[in-house]
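Residue-level structural notes
Given next are the chains, with one letter for each unit.
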Amino acid sequence: MKTDIILAGVGGQGILSIAASLGMAALANDLQIKQAEVHGMSQRGGAVQSHMRISDKEIASDLIAKGGADLILSVEPMESLRYLPYLHETGWLVTNITPFVNINNYPEIDAVMTEIKKIRNHIAINADAIAEEIGSKRSSNIVMLGAASPFIDIPFEKFEIGIRQIFGRKGEEVVKANLAALRAGREFSQKNR
Amino acid sequence: MSNQKLLLLGDEAIAQGAMDAGLSGMYAYPGTPSTEIMEYFQASKQAEELKIQRTWSANEKTAMETALGMSYAGKRTMVAMKHVGLNVAADAYVNSAITGVNGGLIVVAADDPSMHSSQNEQDSRFYAKFSLLPVFEPINHQEAYDMAYKGLEFSEKFGLPVMIRITTRLAHSRAGVTRLPQLPQNELKLPKNPTQFVLLPSIARVQYKELLSKQDLMEKAGEEMGYNTYFDAADKSKGIIACGLAYNYLVENYPDQKVPFPVLKVSQYPVPKSLVKKIASECNELIILEEGAPILEELIKGYLEKENVKGRLDGTLPRDGELNPNLVALAMGLPSVEGKPVPSVVTSRPPAMCQGCGHIDAYNALNVALADYGKGRVFSDIGCYTLGAYPPFNAINSCVDMGASITMAKGAADAGLVPAVSVIGDSTFTHSGMTGLLDAVNDKSPITVMISDNFTTGMTGGQDSAALGKIEDICAGLGVEPEHIRVFTPVKSKHDEMVQIIKEELAYNGVSVIIPRRQCVQTMKNKNLAEKIKELGLR
Ligand SMILES: Cc1ncc(C[n+]2csc(CCOP(=O)(O)OP(=O)(O)O)c2C)c(N)n1
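Below: a short report on this structure. (Residues numbered from 1 in each chain as written. Chains lettered and ligands numbered in written order. Predicted model: local features only at pLDDT ≥ 70, side-chain atom pairs only at ≥ 80, totals over all residues. Heavy atoms only, no water.)

**Things to note about the overall build of chain B**
For chain B, the helix and strand inventory stands at 19 helices and 18 strands. Taking 24 Å as the expected radius of gyration for a compact globule of 539 residues, we find that chain B reaches 25 Å, a close match to that expectation. Each principal axis of the C-alpha atoms in chain B carries an extent, and together these give about 75 × 65 × 50 Å. Evaluated residue by residue, chain B yields a buried proportion of 58% over its 539 residues. Long-range contacts, defined here as pairs at least 24 residues apart, represent 77% of the contacts in chain B between residues at least 6 apart. Here chain B has roughly 22100 Å² of accessible surface; of this, 54% comes from carbon and sulfur atoms. Chain B carries 52 positive and 61 negative side-chain charges, and their two centres are separated by 3 Å. (Helix = DSSP H or I, 4+ residues; strand = E, 2+ residues; numbered from the N terminus. Rg over C-alpha atoms; globule rule 2.2 N^0.38 Å. Buried < 20%, exposed > 50% of the residue type's maximum accessible area, 1.4 Å probe, protein only. Contact = heavy atoms within 4.5 Å. Areas by Shrake-Rupley, 256 points an atom, 1.4 Å probe, with all protein chains shown as cover. Lys, Arg positive; Asp, Glu negative; His and termini not counted. Charge placed at Lys NZ, Arg CZ, Asp CG, Glu CD.)

**With respect to the nonpolar core**
All names here are of chain B. With 104 residues, the main nonpolar core has Met 26, Phe 41, Met 78, Tyr 93, Ile 241, Leu 250 and Leu 289 as its most contacted residues. The biggest single contributor to this core is helix α7 (residues 141-158), with 8 residues. Shared between two domains, this core holds at least three residues of each, these being domain 1 (5-213) and domain 2 (229-332). Not counting residues within four places of it along the chain, the set of residues in contact with Met 26 comprises Ile 37, Met 38, Phe 41, Ile 52, Gln 53, Arg 54, Thr 55, Met 78, Val 79 and Ala 80. Formed by 51 residues, the second largest nonpolar core is a distinct cluster that contains Ile 360, Leu 437, Ile 451 and Met 498. (Core = buried A, V, L, I, M, F, W, Y, C linked by side-chain atoms within 4.5 Å. Domains from an automatic or database assignment.)

**Here's the deal with the site of the ligand**
All names here are of chain B. Taken together, the neighbourhood of the ligand is formed by 26 residues, with Glu 60, His 359, Thr 428, Gly 458 and Met 459 sitting nearest. Within the backbone of Thr 456, a nitrogen or oxygen atom sits 2.9 Å from an oxygen atom of the ligand. Protein chains shield 97% of the accessible area of the ligand, which is 590 Å² for the free molecule. Of all elements in the fold, only α5 (83-99) and α16 (426-443) reach the threshold of two or more residues within the shell around the ligand. (Near = heavy atom within 4 Å. Polar contact = N/O pair within 3.5 Å; in protein donor to acceptor, adjacent residues only side chain to side chain.)

**With respect to the sheet that holds strand β14 (residues 378-379) of chain B**
Residues and elements named next belong to chain B. Read across the sheet, 5 strands follow the order β14-β15-β16-β18-β17 without closing on themselves; strand pairing throughout is parallel. On the outer flanks of this sheet lie β14 and β17 (485-488), each paired with one strand and no other. Across 4 bridges, β17 lies against strand β18 (residues 512-516) in parallel orientation. Each residue of the ladder has a partner; that of Phe 488, found in β18, is Pro 516. Sitting on the sheet, helix α18 (residues 495-507) is in contact with β15 (420-425), β16 (447-452), β17 and β18, with an inclination near 170 degrees to β17. (Pairing = 2+ DSSP bridges. Axes fitted to C-alpha atoms, helices over the stretch in contact; angles between N-to-C directions.)

**With respect to the side chain of Thr 428 of chain B**
Residue and element names in this part refer to chain B. When you line up the elements, Thr 428 lands in helix α16. Here the side chain of Thr 428 touches Ile 382 through a polar contact of 3.0 Å, landing on its backbone oxygen. Sequence-distant contacts of Thr 428, that is, excluding residues within four places in its chain, are made with Tyr 29, Asp 381, Ile 382, Tyr 385, Met 402, Gly 403 and Gly 433.

**Description of the packing of helix α4 (residues 60-72) of chain B against α5 of chain B**
Residue and element names in this part refer to chain B. Where α4 meets α5, the closest approach of the two axes is 7 Å, and the angle between their N-to-C directions is 25 degrees. Classified by the angle their axes make, α4 and α5 are roughly parallel. Between α4 and α5 lies a crossing whose hand is right-handed. Across the interface between the two elements, Glu 60, Lys 61, Met 64, Glu 65 and Leu 68 of α4 pack against Gly 85, Val 88, Ala 89, Ala 92, Tyr 93, Ser 96 and Thr 99 of α5. Tallied by class, residues from the contact of α4 with α5 come to 6 nonpolar, 3 polar and 3 charged. (Parallel < 35°, antiparallel > 145°, perpendicular 65-115°, else oblique. Left-handed = near helix turned anticlockwise from the far one by under 90°. Nonpolar A, V, L, I, M, F, W, Y, C, P; charged D, E, K, R; others polar.)

**A word on the interface of chain B and chain A**
Counting residues at the interface gives 46 residues for chain B and 44 residues for chain A. Both faces combined, the contact of chain B with chain A buries some 3700 Å², and carbon together with sulfur accounts for 56% of it. For the interface between chain B and chain A, the tally reads 4 salt bridges. If you look at where chain B meets chain A, you find 19 residue pairs in polar contact (both at pLDDT 80 or more). For the side of chain B that touches chain A, the secondary structure elements donating two or more residues are β1 (6-9), β7 (173-177), α10 (246-252) and α13 (325-331) of chain B. Among the residues making up the side of chain B that touches chain A, the classes are represented as 21 nonpolar, 17 polar and 8 charged. Here strand β2 (residues 32-36) of chain A pairs with β7 of chain B via 2 bridges, running antiparallel. (Buried area = accessible area lost by both parts, 1.4 Å probe. Salt bridge = Lys/Arg side-chain N within 4 Å of Asp/Glu carboxyl O.)

**Things to note about the packing of helix α15 (residues 404-414) of chain B against α16 of chain B**
Residue and element names in this part refer to chain B. With their axes 7 Å apart at the nearest point, α15 and α16 run at an angle of 25 degrees to one another. Regarding the angle of α15 to α16, the classification is roughly parallel. Each of Ile 406, Thr 407 and Lys 410 in α15 lies in contact with α16, whose residues at this interface are Phe 429, Gly 433, Gly 436, Leu 437, Asp 439, Ala 440 and Asp 443.

Right, dumping it as structure tokens:
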């Protein structure tokens, strides 16, 4: 198996925590991973991306080729579109719909949504609202991970193991909240795909 | 030691490799993409148990020289910096080729092709070639670990510093690494030859000849270590020389990573001449893939511009920028199918100063205070405050290299641009602003130096600043008159007061230092720093 994922967002939104959970899930499944992150200047509120490659064979390139991504997982709607050249024809775009506005020329959100809807395989999810609903406002990134999970070739239990490993140190409450977020995201995608 | 794989950044793999190979001292100044090497040491329990020296240095030159001192004393040591940091450390680095080492010494140079977080994309392999020093260029995390581990031994065997050259992509990518057995640290041991480190001409001449004589031996050793590998294949219509990460992008483009042409993977320098000659004689055409500048390509293509040598110089690949699988596919004549184009609604989202950042209030005051003098007189430097170049501030007119704000302001003032202003951060000031300030004081130059003090090295992620609690004393010690050293807290409510102070100092016909001082908002959770700030009474 091979899943190539572009994670997208804005510096400070925490896409690296999604990447870490995903990495743990992959390792729990004895898969190989390579994950290219962005550190440095862009972390100051700029556009950030991470290339996450998961495979049962040896992985050569740290970067995903354009046209080769199976999934774009974005925590911000406009940012999801920035990486379309990477998405394979049959790939999925899974994005949060809450805009992160830190520039004064942010486009009309309707125009952004129109573009997202043009992608054949897309899931547009209000991860912030869902996180709030389940009483765990800060878990919206894990809602996003859950929403992406049906499109990643890893058994769901392994995602749960990943969450336990990442949040275990913060106590059982935090683990539970994030597991709930993971499941809520997954459910949304399964209903709306 | 456990056999379980560690999931590490490329930077961290180098750190772990050196640590396991008996390192005694790690030296560095922060700089993307090299910063995480020292950060890994500082967070490591193993490093603490082994009592490895691991504090930030004031700049890359002091780091490099300190490492050389540790090597003199017989212990294994490593120094890390970003590519432009090597410019700062170059005097020490180039001369260390002539002194050689005693304890093993690794210099990690982290290059940033495509300038993700840098002023330029210089290729550090040039420095090594120029200095006649060996380089390891890992293509993956395991090689990064192994090269640090074995590089220290190689350094001691040849008596020379070894460069590990990486680029952003490997530095900041994560993958699994298997460890080797922990080696003990070296004992304190002086160099056998007591004049080895005395570069008087008579001694240096002898040692330079020795350095020259080691080149062929190092080349041979490179072939034996297995990092430079020749992969033969049936189709000799072309041969590929792939350096560093370019090798990954090449094999990525073929099913099961099997390239149908002969491939020479180069991960160690001096350049493996015999292997280059072999592939050149067996193949009709050479494609040279390098992550960085076309160094091998220039060597092989040469001034005779051999037409069957292709790469960055003839447009087979772009002349600048980072490589990727798509660019290499095109160079190999393979189709490269991209997804949909980026829709036009997507706007750029450049980095910006954080909400609540003290630099913002300082710039708002400076812009108002300067309004009467007219534009074009603010020389800035490198740090988060460089983002003041963007709207809405449009506050600065230069950013060149660390420390250049003060000296450029002096030069412009010398030319008649008065007042000239310098804007510099606390960490950059102690990195290389102090010496320039001394020049200005000695000439009584009419410049106003704003040292925007946020108690940290912010841009690179909030590392310790060597300037903490020392700025006024340094300035006064260099001869800035105490009444022209003005400190204030940059907050909105004090805007008018700040403007007034800056105006007063702009009007002064000599060197003034103004210090807007407020903690970086990104470091508020750093307990260690909070304690130090309290101790020093800085709030
Ligand atoms: C020679 C060199 N070394 C390191 C860097 C990386 N670097 C860029 S900005 C910066 C931090 C500067 O800190 P400071 O001056 O305190 O400003 P702040 O970012 O905190 O505002 C560093 C280390 C560089 N560009 N050049």
